[in-house]
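# Survey of secondary and tertiary structure
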Amino acid sequence: MEPIVGIDLGTTNSAVAHLTPDGPNIIPNALGGRLTPSVVGVDESGVVVVGAAARELQVVRPDRCAALFKRHMGTDKTYTLGGRTVTPEELSGLVLRSLKADAEAFFARPVTRAVITCPAYFNDRQRKATIAAGRIAGLTVERILNEPTAAAIAYGFHDSREDKKLLIFDLGGGTFDVSVVELFDGALEVRASAGETALGGEDFTRAIAARVLEGFGTSFERAEVTTPLLVARLIQQGEVAKCRLSREETAVVRVPDAAGEFTAAAKEVTVTRAQLDAWVSPTLTRIELPIRRALADAKLTRDEIDEVILVGGATRMPLVVRRVRELFGKDPHRRLNPDEVVALGAAVQAGLVGRAGAVEDLVVTDVAPFTLGVAVVKQFGGDVQEGYFDPVIDRNTTIPVSRVKQYSTVAPNQTAIRVRVYQGESRKVADNLLLGEFEVNGIPSGPPGQEVDVRFTYDLNGVLEVEATVVATKRKVTHVIARHAKGLSEEQVRRAVREMEKLKAHPREEAVNRFLLARAERVYKELAVEARRVLGALLDGFEAGLESRDPEAIGRHREALQHFLSLHDPDGENPTGNEE
Ligand code: ADP
Ligand code: MG
């Protein structure tokens, strides 16, 4: 049978995995890497590059690259890439296409079916955008699985006979998500989720860059404006140093000049782990509020959490592990690589999808990611104030759910009311998102206080049905919201697929060469004149070899280039230094 793969489509990194008889396994990419950076670029020749090669290109040509597009899935934001306008769905589609090609090379057969994960808080529109991205890449998305649920599955909690309360602590590149997942009667249920959309490993990298700059008398904010190339370079240096500090006590950061180049006079700054811990400690306190919120929404205390699971590359930092241990008074689970668990869990789920009849084993339910309610007026003494939000379905209520609330007219002889439906967490509707509105008329005239029942029904697909009933006459008006939530239409997907076919990409066998070229271009600028001359000659040879299409010549020049880079850019092969 055709394999079904599990995919973690991440903000910073993505991964693909499959289920073997011995458990789930990561499928390596063309470079042998286990993670593929979620970065897309267009190189000088107008060809699309994805993953590590695009991340290299991003250091020297940030204008030709797009990253962090997962944040904008399901919105109208577009990116300009190599003179073309692309959507976040298309960019995600390119990442998925690359993972699909890796899986196909691995199995030596076509792969067209996948389980893809998304954050628990993704709304209907963002989930549809994820499905569209899959279809753009030529994948049938068998299931969208919540990331925290996937992590719990990777640790085998779906097989556990006991009921348990799990807390999934996911600190990625730019987001922090905490979810309470309950295992009950063999079903995994996301009870609550909360997070910080601007907290993650990137902040720790920036902290290093900022402190180094401070040492030279400039602020990060100022340097970003006056010397953006220096900052781009310093961030890359800071990233490598940060990951090294998870394994070692000290790391060295080289400081580029204003043009982002490393001259012979380039200064070196040594950073210790203790220093890094002190710098990021204040930022790290921001994990506490979302944890409190998720626990409160799940109506649990810290002590009632049975297991804590670490997810996300940034949890490789010893300080983060220590904090979690202090907060929960127990050792978190981290037997599996934190940046791989989500893909591994998705692979298990994919295996269950593939095994007919086994799907029911795993009932995954969901919660409403936002509070849903209506606009009301409030009376303060004789004063009538408009624009207040009155919640009908609270955030993190398990769905499907149906709730009814009663409202009444405020003016004498008022025969109609307008039901305005909002989602959000603010007291005032102006700060929330208007989902839809409709009119209910035929209310019998009379004194204020004529009653109208408003029922909200929210189903598993994120469809919200609002029904208003005039109590005196039983007259009903029904309004369905959220289906119109703008997923891509069939036609839009077809058009995107056609557009993608026009985007030239290198064949997969070329990936190693493309990555090597991009990496060498970056390293070139970091070298002193002498070494630069040597690298220049090696690059010329490699490019001539590629031109000749002679496999023997390509191989020979490639090896020479790789050898040089292994000496002059030891961390560049695998910048995170994370082992299997
Ligand atoms: P996302 O879920 O955002 O796609 P990941 O879970 O892959 O991302 O996490 C990426 C983040 O993890 C990056 O900020 C990266 O610097 C960080 N990271 C990866 N390895 C390490 C390490 N060894 N030490 C510290 N941070 C790391
Ligand atoms: Mg992630």
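Residues numbered from 1 in each chain as written. Chains lettered and ligands numbered in written order. Predicted model: local features only at pLDDT ≥ 70, side-chain atom pairs only at ≥ 80, totals over all residues. Heavy atoms only, no water.

## Details of the domain arrangement of the protein
A common way to express how large an interface is: the accessible area buried when the components associate. When cut into domains, the protein gives domain 1 (201-284) and domain 2 (372-481). Computed from C-alpha coordinates alone, the two centres of domain 1 and domain 2 are separated by 52 Å. (Domains from an automatic or database assignment.)

## Things to note about the site of ligand 1
Looking at ligand 1, there are 20 residues lining it, with Thr-12, Asn-13, Glu-239, Lys-242 and Ser-246 nearest. Between ligand 1 and Lys-242 there is a distance of 2.6 Å, counted from an oxygen atom to a side-chain nitrogen or oxygen. One of the side-chain N or O atoms of Ser-246 is found 2.6 Å from a nitrogen atom in ligand 1. With the chains in place, 93% of the 580 Å² that ligand 1 exposes on its own is no longer accessible. Elements that contribute at least two residues to the shell around ligand 1 include exactly helix 5 (201-215) and helix 7 (228-245). Here the shell around ligand 1 takes three residues from helix 7, the largest share from any one element. (Near = heavy atom within 4 Å. Polar contact = N/O pair within 3.5 Å; in protein donor to acceptor, adjacent residues only side chain to side chain. Areas by Shrake-Rupley, 256 points an atom, 1.4 Å probe, with all protein chains shown as cover. Helix = DSSP H or I, 4+ residues; strand = E, 2+ residues; numbered from the N terminus.)

## Describing the sheet that holds strand 26 (residues 464-470)
Read across the sheet, four strands follow the order 22-25-26-27 without closing on themselves; strand pairing throughout is antiparallel. With one partner strand each, in any of the chains shown, strand 22 (401-408) and strand 27 (475-481) form the two edges of the open sheet. The sheet shows a mean angle of 15° between the axes of neighbouring strands, taken without regard to direction. Relative to strand 26, strand 25 (residues 451-458) runs antiparallel, the two being bridged by seven bridges. If you follow Phe-456 over to strand 26, its bridge partner there is Val-466. (Pairing = 2+ DSSP bridges. Axes fitted to C-alpha atoms, helices over the stretch in contact; angles between N-to-C directions.)

## Focus on the nonpolar core
Residues Leu-167, Phe-169, Leu-171, Phe-176, Val-180, Ile-287 and Ile-291 are the most contacted members of the largest nonpolar core, which totals 48 residues. The leading source of residues in this core is helix 5, at seven residues. Beyond its immediate chain neighbours, meaning those up to four positions away, Leu-171 contacts Phe-176, Leu-199, Gly-200, Phe-204, Leu-284, Val-311, Gly-312, Gly-313, Ala-314, Thr-315 and Val-320. Formed by 37 residues, the second largest nonpolar core is a distinct cluster that contains Val-48, Phe-69, Leu-91 and Ala-132. (Core = buried A, V, L, I, M, F, W, Y, C linked by side-chain atoms within 4.5 Å. Buried < 20%, exposed > 50% of the residue type's maximum accessible area, 1.4 Å probe, protein only. Contact = heavy atoms within 4.5 Å.)

## A closer look at helix 4 (residues 147-154)
A large share of helix 4 lies buried, amounting to eight of its eight residues. Taken as a whole, helix 4 has its buried residues at Glu-147, Pro-148, Thr-149, Ala-150, Ala-151, Ala-152, Ile-153 and Ala-154. Gly-156 lies just past helix 4 and shows a positive phi near 80°.

## Here we look at the packing of aromatic side chains
Counted by the stated rule, this structure contains three aromatic pairs. Taking the centre distance of 5.9 Å and the plane angle of 70° together, the rings of Tyr-121 and Phe-122 count as edge-to-face. What makes Tyr-121 partly exposed here is its relative accessible area of 27%. Note that Lys-77 overlies the ring of Tyr-79, its terminal NZ or CZ placed 4.9 Å from the centroid. (Phe/Tyr/Trp six-rings, centres within 6.5 Å; stacked < 30°, edge-to-face > 60°. Lys NZ or Arg CZ within 6 Å of the ring centre and 35° of its normal.)

## Some words on unusual backbone geometry
The phi angle at Leu-68 is positive, at roughly 60°, despite the residue not being glycine. Within the secondary structure layout, Leu-68 lies in the loop between strand 7 (65-67) and strand 8 (79-81). Here the phi dihedral of Lys-474 falls at roughly 65°; this positive angle occurs in a residue that is not glycine. Along the chain, Lys-474 falls in the loop between strand 26 and strand 27. A relative accessible area of 64% places Lys-474 in the exposed class.

## Details of a nonpolar patch on the surface
Nonpolar side chains collect at one region of the surface, where Val-377, Val-384 and Val-410 lie side by side and expose about 200 Å² of accessible area between them. Within the fold, Val-377 resides in strand 19 (residues 372-380). Exposure remark for Val-377: the relative accessible area of 34% places this residue in the partly exposed category. (Patch = residues over 30% accessible without salt bridge, like charges linked within 9 Å, V, L, I, M, F, W, Y side chains within 5 Å. Salt bridge = Lys/Arg side-chain N within 4 Å of Asp/Glu carboxyl O.)

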